[in-house]
Amino acid sequence: MKKVLLSIARLAVLVVAAFFAFALSPAEIDAIERPAADSFDADLVAKGRDLAALGNCLTCHQSEGGAPYAGGYGVETPVGTIYGSNITPDPETGIGRWSKAAFVRSMREGLGREGEHLYPAFPYTHFTRVTDGDLEALYAFLMTRQAVAKTVPNPDLPFPMNVRPLLAAWKLLFLDEGAAPSDGLGDELERGRYLVDGLGHCGACHTPRNLFLTEKTDAYLRGGEASGWANPPLAGDIHSPSPWTAVQIATYLDGGFAEAHGVAAGPMAEVAAKLKDAPAADISAMAAYLVSLQTGVAMPSADNSKTATPSERIALGETLYRGACARCHEANGQRGTSAPGSSQGLPLAQSTALHAPDGRNFAQFVLHGVEAPNGEAGWPMPGFADLLTDEQIAAIADYLRHELAQQSVWDDMSERIADIRSQGEVAR
Ligand code: HEC
Ligand code: HEC
Ligand code: HEC
């Protein structure tokens, strides 16, 4: 059913698109001579550096081992892979000939300098919220980077997704351009919202998407889908068994780790690694805003007798947990705190991953282990991919869900683990 709807939806878009693509072809903005780096004010460049950290620009605009901002990183989307562009000031392969107006238009309207439509894998649906002053600073920052000549691959998409003009129709329907109206939240919360919704583009992962791959406005930050990882909700009832304080969110965002909540892993590790270079006041503002959106926490269901899990399986899970996990996750039997440098893990009763509605993130943690945030030394959790079978990890999951989270066990856990194992480790 979902598939049928999806094809009908795509067909409808196509028909509308064919019309608008030709009616609305955007103009090219004239090329300029590459501005000299010293024509930009140093304070403006420094402000731009902070904003680039908040916007995580490097995540998608630097390939593994490649030069900063030279692009080539493949952004995986449900329809195919789109490569982050070269946004260094190289005149031929980068944005060296882009005027400020061309840059501002790309961030607000998702258009290249020559008027070509860009894919929303570039999160301009969020960047459109950014103010003129901040865009000017980002432009100054990018135009003063080292120019690198590098041509990035074309998007790897099937027909009709590979026809850029069709994006005109998608934008007409879903791109809500410009700043969001102020709603009198007060300075700090207002700043936090501006960053979360704009440069931070947190909703790109944390808001669920509809059939058109557009964020659902009525489920703002209520948890998003990804292939190997689940992006937990940040608003409403969160999955963490204890509420997040603003200080905890702030240390999680810029240090990759928070007391009582654990590490930022998988795609979130990458986000935190970039946010560590952002100004502390901005991180605090985002944290304060996010706390204001939480309404409750994951409640253990009082009745877990409905779990149809055989008790031998729970018992096997406990034995394995005692042997493989407890020494790090329960210090001397005492459910202590974890801290970087100690190799002591979070008491798992506090883990968001364990309280999530499916076991994807749990499986990621156990199969691939945990690295210390921001490349700090030590503090490891080894990956158990080579040590435990899918069935054994599933038994541990059953035991932990039943005993520590006091919730029903996850369905089809061994299949899910096998799936994630076959995808291999996602680098970011
Ligand atoms: C989630 C990934 C992602 C992030 C984060 C991201 N971009 Fe991009 N960006 C892309 C992709 C993918 C493209 C290419 C889109 C296409 O080919 O249609 C792109 C294209 C662009 C372009 C157009 C370049 C051209 O030659 O057409 C600019 C300018 C740009 N990004 C600037 C930025 C800035 C500035 C930031 C940080 C504030 C940023 N991007 C963050 C994914 C990202
Ligand atoms: C590329 C996808 C992605 C983006 C962008 C992203 N996140 Fe996340 N986020 C995740 C994933 C995946 C997790 C789960 C990671 C884990 O459990 O270690 C997560 C976890 C979190 C958590 C912990 C939630 C909990 O209950 O445990 C917070 C807080 C968070 N993100 C905040 C943010 C903020 C703020 C932004 C924007 C600045 C953001 N995220 C952008 C993918 C993303
Ligand atoms: C050598 C010590 C060590 C061992 C052994 C170990 N862990 Fe960990 N584990 C850690 C550390 C350190 C972290 C990161 C801090 C944190 O988030 O708890 C972690 C994190 C986790 C997390 C993520 C918690 C969260 O939501 O942030 C899960 C789930 C987890 N471990 C499960 C297990 C399971 C299951 C086993 C046994 C199969 C295991 N660990 C064995 C040290 C260990």
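Structure: see above.
Quick summary incoming for the structure in this document. This structure is a prediction, so every number in the text was calculated from the model and none was measured. All residue numbers refer to positions counted from 1 along the written sequence of the respective chain. Labels follow written order: the first chain is A, the first ligand is 1, and so on. Confidence filtering applies because this is a predicted model: local features only for residues at pLDDT of at least 70, side-chain atom pairs given and counted only at 80 or more, and all residues used for totals across whole chains, interfaces and linings. Side-chain numbers come from the whole structure's heavy atoms, not from hydrogens or water.

### Details of the site of ligand 2
When we say a residue is near a molecule or strand, we mean one of its heavy atoms is within 4 Å of it. Lining the immediate environment of ligand 2, one finds 23 residues, of which Cys202, Cys205, His206, Met268 and Thr352 sit closest. The definition of a polar contact used here is a pair of N or O atoms within 3.5 Å, where within protein one atom must be able to donate a hydrogen and the other to accept one, and adjacent residues in sequence count solely through side-chain atom pairs. Separating an oxygen atom of ligand 2 from a side-chain N or O atom of Trp244 is a distance of 3.1 Å. Interatomic distance of 3.0 Å between a backbone N/O atom of Val263 and an oxygen atom of ligand 2. Elements supplying a minimum of two residues to the shell around ligand 2: helix 9 (203-206), helix 10 (246-255), helix 11 (267-275) and helix 16 (360-368). To qualify as a helix, a DSSP run of H or I must reach at least 4 residues; to qualify as a strand, a run of E must reach at least 2; elements of each kind are numbered from the N terminus. Looking at the shell around ligand 2, the element that brings in the most residues is helix 11, giving three residues. Each of domain 2 (187-296) and domain 3 (311-423) contributes no fewer than three residues to the shell around ligand 2. Domain delimitation in this document rests on an assignment produced automatically or drawn from a domain database.

### Quick look at the coordination of the iron atom of ligand 3
Metal-coordinating donors are taken as N, O and S atoms lying within 2.8 Å of the metal, or within 3.2 Å when the metal is Na, K or Ca; because water is left out, some sites can appear incomplete. Bound to the iron atom of ligand 3 on the protein side are His329 (NE2) and Met381 (SD), at distances that span 2.0 to 2.2 Å. Just to be clear on the cut-offs, tetrahedral is four donors with all angles between 85 and 135 degrees, square planar is four donors and octahedral six with opposite donors over 155 degrees apart and all others between 65 and 115, and anything else goes down as irregular. The coordination sphere of the iron atom of ligand 3 comprises six donor atoms, whose angles at the metal cover 86 to 180 degrees; the geometry is octahedral. With His329 in helix 14 (residues 326-329) and Met381 in the loop between helix 16 and helix 17 (390-405), this residue pair connects regions lying 52 residues apart in the sequence.

### Section: the pairing of strand 1 (residues 74-77)
Relative to strand 2 (residues 80-83), strand 1 runs antiparallel, the two being bridged by four bridges. Counterpart to Thr77 in the pairing with strand 2 is Gly80. The hairpin formed by strand 1 and strand 2 contains two residues between the paired strands. Two strands make a pair as long as DSSP finds a minimum of two bridges between them.

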